[in-house]
Amino acid sequence: MDDLRLGLLLNAVSPAVGGVLVRGEKGTAKSTAVRALSALLPPVAVVPGCRFSCDPQAPDGACPDGPHAAGPGTERPARMVELPVGASEDRLAGALDIERALSEGKKAFEPGLLAEAHRGVLYVDEVNLLHDHLVDLLLDAAAMGASYVEREGVSVRHASRFLLVGTMNPEEGELRPQLLDRFGLTVEVSASREPDLRVEVVRRRLAHDDDPAGFAARWAAEESALRERIAAARALLPSVVLDDRSLRRIAAVCAAFEVDGMRADIVMARTATALAAWAGRTEVREEDVRRAALLALPHRRRRNPFDAPGLDEELLDRTLEEFGGDDDPTDPGPGGPDGPEGGPDGSGGGDGGDTGNGGGTDDGRADDGNAPGRDAAPEQCPGGPEDGGAGESPGSRPDGAGEPAGEPSATAGEEPAGEPRPAVAGDGGPEQRAVGAAEPFRTRVLSVPGLGEGAAGRRSRARTRHGRTTGARLPRGALTKLHLAATVRAAAPYQRARGRAGSGLLVRRDDLREAVREGREGNLVLFLVDASGSMAARRRMSAVKGAVLSLLLDAYQRRDKVGLVTFRGSGAELVLPPTSSVDAAAARLESLPTGGRTPLAAGLLRAREVLRVERLRDASRRPLLVVVTDGRATAARSAGAGWRGGTGDGARAGRAADPLTPVARAARLLAAEGTASVVVDCESGPVRLGLAGVLARQLCGEAVTLEELRADSVAGLVRGVRGTRHAPYAQGAPGAPGAGAGAGQGTGQRTTKTTGRAA
């Protein structure tokens, strides 16, 4: 919490630092700390009646409510404005009355949250869940200090300078690196593991709930002292000197960490200056540069979406030592840069604890540990059985024949793995340890056919608020995107009847037409991964994980939600419920074990249930099911029920005659519901049965091999198939149970569009 408090206070001293992004697990008081900041900010003087909070000593010449004459103003508290995740663009930036602009030529502007937050704090909770175009607009305003609203040639500009604070839980998805870079500082917050500190937190919370006014009165003196210190640091800030030696340190640190661009250098310089002012000094020291690096660089070190933010402090210290000098190591100020300590009850400041001997540095830094990285599992795992028993149909192993427990064999040409884990009863084989993923690659674009209306993204075609204009329609609710030509055409025939005499166009509300735009949407990409013994050959599973990891990277770039279902042994498991965090999906994938039987039907039915629940939660987000398998299936076994070929539909007690029958039945259920599907065929070796292709036809989807999945695959350069919703399979239709692996697709089957475009 020390870093969180310091980051907020530095932005209060110098809003030019660029805001702070607070990352942390749920229940760590992120929002509470941010909301408490507004009470510490000095009051602001504003022009009476100005909706844009102009400074009476230096009013904005372009203020829409202006011009204002310089003079005395009125004081009001600094505002804390919260931006909801579901806010519209007009609510954030403001709205223009297009009807009055066309008919009267007047710029009737309704200010938005950016105007309301001017000279205050703009707080975005769960900023990682905010739509990208809103985040772009928000950060542009923060960087330029002004907001521009333009609608069909009508433009309004107003000042918008605010302290930007965002909070997020990384479990719910990451921000893009480009957006991370726009936040000046970032801090990580986690709950303390010290019982005494946790007790103090609970004690204070209960005291506040019992008597809010009395609790505030107990801490009024501390808040007043902190408020005065912020004001003093603001006044001292213009006098702080950032000499060339400190600038060289900053540049050397940014170069040593290979940070992209120059924004990090600028933010570090401003942060170091604010640290010096906060400590009551007029010169920047090495300790300020080091502290600034720890706050400004971790989130700029990510090289791919699955990298965790962090900083190598040993490299930082070596760089500072190389470019350092002899600073005077005097105390930076009363209470250190983190603020005055102590409280009315003597139990410490806002963090409620004491660092103890050796627990921090004399400049208030807490000892930071290196975050543990994800360790890839290098162990080998044994290969699984590849061929069915004698006398069975290809890929069918209803009783696990040919799969002796604990003695799996690798396919010809594949490398067997190492020691298996102990067998699990009913799995039909031992569980194998996880295999590391192969190097990810750029994938071809997999998209859902048709035209959707889901959340903005970059995968499938959809009607969106942004994109190319394809038509016009009557407004649905408040008009946001005017189709000017269609509006003029609608109003033109009635000008004489309306008594038009001058040059102005007489426009009424029922003449207005809004633009229909087509862009791209994000989808729910649900991965169904075969983790059974038939996939357990080390090189094959490594390639499969590499392919899924590549698709996860693609989903990250295209703003998709992702989920992960695996099937092996006795059934299917939802490893990761649908989420925006592809990091979590990658972590679950990396630790995925393999081995056991192949309950493909159970996996398909589990995926169907997951998609059914998600449709109830968000009907506009269209799903894309990616099945990663070789198409083989065996019966699954559950205690007391004998053998069965799945759960729900397609399951029956007793011994299944052919495990592929319930697979076909489950696939038809998914196809009948219009689920777009892609089957990634993982079959390898000299003998291939083509069962993944049969499954793709049953799903009314498309089968692609691991090689064809690559964006640079020659086989994928000229490949694009579109389909429409299909009718349920008729008996004997191509792709139905009993149809040959080479059968063609039936008329009207739904297929998934696949192109050779790079992701």
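Being a predicted model, the structure only gives us computed values, none of them experimental. Within every chain, residues take consecutive numbers counted from 1 along the sequence as written. pLDDT decides what is reported in this predicted model: residues at 70 or higher carry local features, side-chain atom pairs at 80 or more are listed and counted, and totals for whole chains, interfaces and linings draw on all residues regardless. For side-chain calculations, the full set of non-hydrogen atoms in the structure is used, while hydrogens and water are omitted.

Take the side chain of arginine 444 next. Here arginine 444 is to be found in strand S13 (residues 444-447). As a buried residue without a salt bridge, arginine 444 has its nearest oppositely charged side chain in glutamate 702, at a separation of 4.5 Å. At 2.4 Å, the side chain of arginine 444 and the backbone oxygen of glutamate 708 are in polar contact. Here a helix means four or more residues in a row that DSSP labels H or I, a strand means two or more in a row labelled E, and each is numbered from the N terminus. In this scheme, a residue with accessible area under 20% of its type's maximum is buried, one over 50% is exposed, and one in between is partly exposed, where area comes from a 1.4 Å probe on protein chains only. For the purpose of charge, His is not counted, nor are the chain termini; Lys and Arg are scored as positive and Asp and Glu as negative. For salt bridges, the criterion is a side-chain nitrogen of Lys or Arg within 4 Å of an Asp or Glu carboxyl oxygen. By the criterion applied in these results, polar contacts are pairs of N or O atoms within 3.5 Å in which, for protein atoms, one can donate a hydrogen and the other can accept it, and in which residues neighboring in sequence qualify only through two side-chain atoms.

Right, let's talk about the sheet that holds strand S18 (residues 561-568) for a bit. Pairing between two strands is assigned when DSSP locates at least 2 bridges connecting them. Strand order across the open sheet formed by six strands is S19-S18-S17-S20-S24-S25, with mixed pairing between neighbours. Of all strands in the sheet, those with a lone pairing partner are strand S19 (571-579) and strand S25 (702-705), marking the two edges. Going across the sheet, the axis of each strand differs from the next one's by a mean of 20 degrees, ignoring polarity. Note: strand S24 (residues 676-681) against S25, four bridges, orientation parallel. All axes are obtained by fitting lines to C-alpha atoms, using only the stretch in contact for helices, and the reported angles, taken between N-to-C directions, cover 0 to 180 degrees.

A few words on the nonpolar core. Working definition of a nonpolar core: buried Ala, Val, Leu, Ile, Met, Phe, Trp, Tyr and Cys residues. They are joined through side-chain atoms within 4.5 Å. One finds Val165, Val253, Met268, Trp278, Leu297 and Leu316 to be the most contacted residues of the largest nonpolar core, which totals 53 residues. A total of ten residues in this core trace back to one element, the largest contributor, which is helix H12 (residues 263-278). Counting residues in hydrophobic clusters, the runner-up holds 36 residues, among them Leu21, Ala117, Val127 and Met168.

On to the sheet that holds strand S15 (residues 468-473), then. Taken together, three strands build an open sheet; the order of strands is S14-S16-S15 and the sheet is antiparallel. A strand with exactly one partner marks an edge of an open sheet, and here the two such strands are strand S14 (456-464) and S15. Across the sheet, the mean angle separating the axes of adjacent strands is 35 degrees when strand polarity is ignored. In terms of strand pairing, S15 meets strand S16 (residues 514-521) through five bridges, oriented antiparallel. Residue pairing for S16: alanine 472 is matched across the bridge by alanine 515.

Looking now at the confidence of the model for the protein chain. Per residue, pLDDT captures the predictor's confidence, and it can take any value from 0 to 100. A residue-level look at the protein chain finds 72% of positions with pLDDT of 70 or above and a mean pLDDT of 76. Averaged pLDDT values for the elements of the protein chain fall to 38 in strand S23 (residues 643-644) and rise to 95 in H12. Note on definitions: a residue-residue contact is assigned when non-hydrogen atoms from the two residues lie within 4.5 Å. The low-confidence segment residues 331-428, where pLDDT is below 50, has 235 contacts with residues more than four positions distant or belonging to other chains. Across residues 637-656, where pLDDT falls below 50, the model places 38 contacts with residues more than four positions away in sequence or in other chains.

This paragraph deals with the packing of aromatic side chains. Whether two aromatic rings pair depends on their centres lying within 6.5 Å, for rings of Phe, Tyr and Trp, where Trp uses its six-membered ring; planes under 30 degrees apart make the pair stacked, over 60 edge-to-face, and the rest tilted. With the rule as written, the count across this model stands at one aromatic pair. Centroid distance phenylalanine 52 to phenylalanine 109: 6.2 Å. Interplanar angle 10 degrees. Geometry classified as stacked. Here phenylalanine 52 is found in the loop between strand S2 (44-46) and strand S3 (74-76), whereas its partner phenylalanine 109 is found in strand S6 (residues 109-111), with 57 residues between them in sequence. Take phenylalanine 52 and phenylalanine 109: they sit in the same class, and that class is buried. Geometrically, a charge over a ring is one whose NZ (Lys) or CZ (Arg) sits within 6 Å of the ring centre while staying within 35 degrees of the ring normal. Above the plane of the ring of tryptophan 278 lies arginine 229, whose end atom (NZ or CZ) is 4.0 Å from the centre. Arginine 710 extends its terminal NZ or CZ atom over the ring of phenylalanine 441, reaching a point 4.1 Å from the ring centre.

Here the focus is the environment of leucine 122. Along the polypeptide, leucine 122 turns up in strand S7 (residues 121-125). A relative accessible area of 0% means that leucine 122 is categorised as buried. As a C-alpha pair, leucine 122 and valine 165 span 43 residues in sequence and 6.3 Å in three-dimensional space.

This part is about unusual backbone geometry. Each neighbour pair has its own omega, and for glycine 66 with proline 67 the value is 0 degrees, a cis peptide bond. If you trace the backbone, proline 67 turns up in the loop between S2 and S3. The phi torsion at arginine 119 lies on the positive side, around 70 degrees, for a residue other than glycine. With respect to the secondary-structure elements, arginine 119 resides in the loop between helix H5 (113-116) and S7. A positive phi is found at glutamate 126, a non-glycine position, where the angle reads about 55 degrees.

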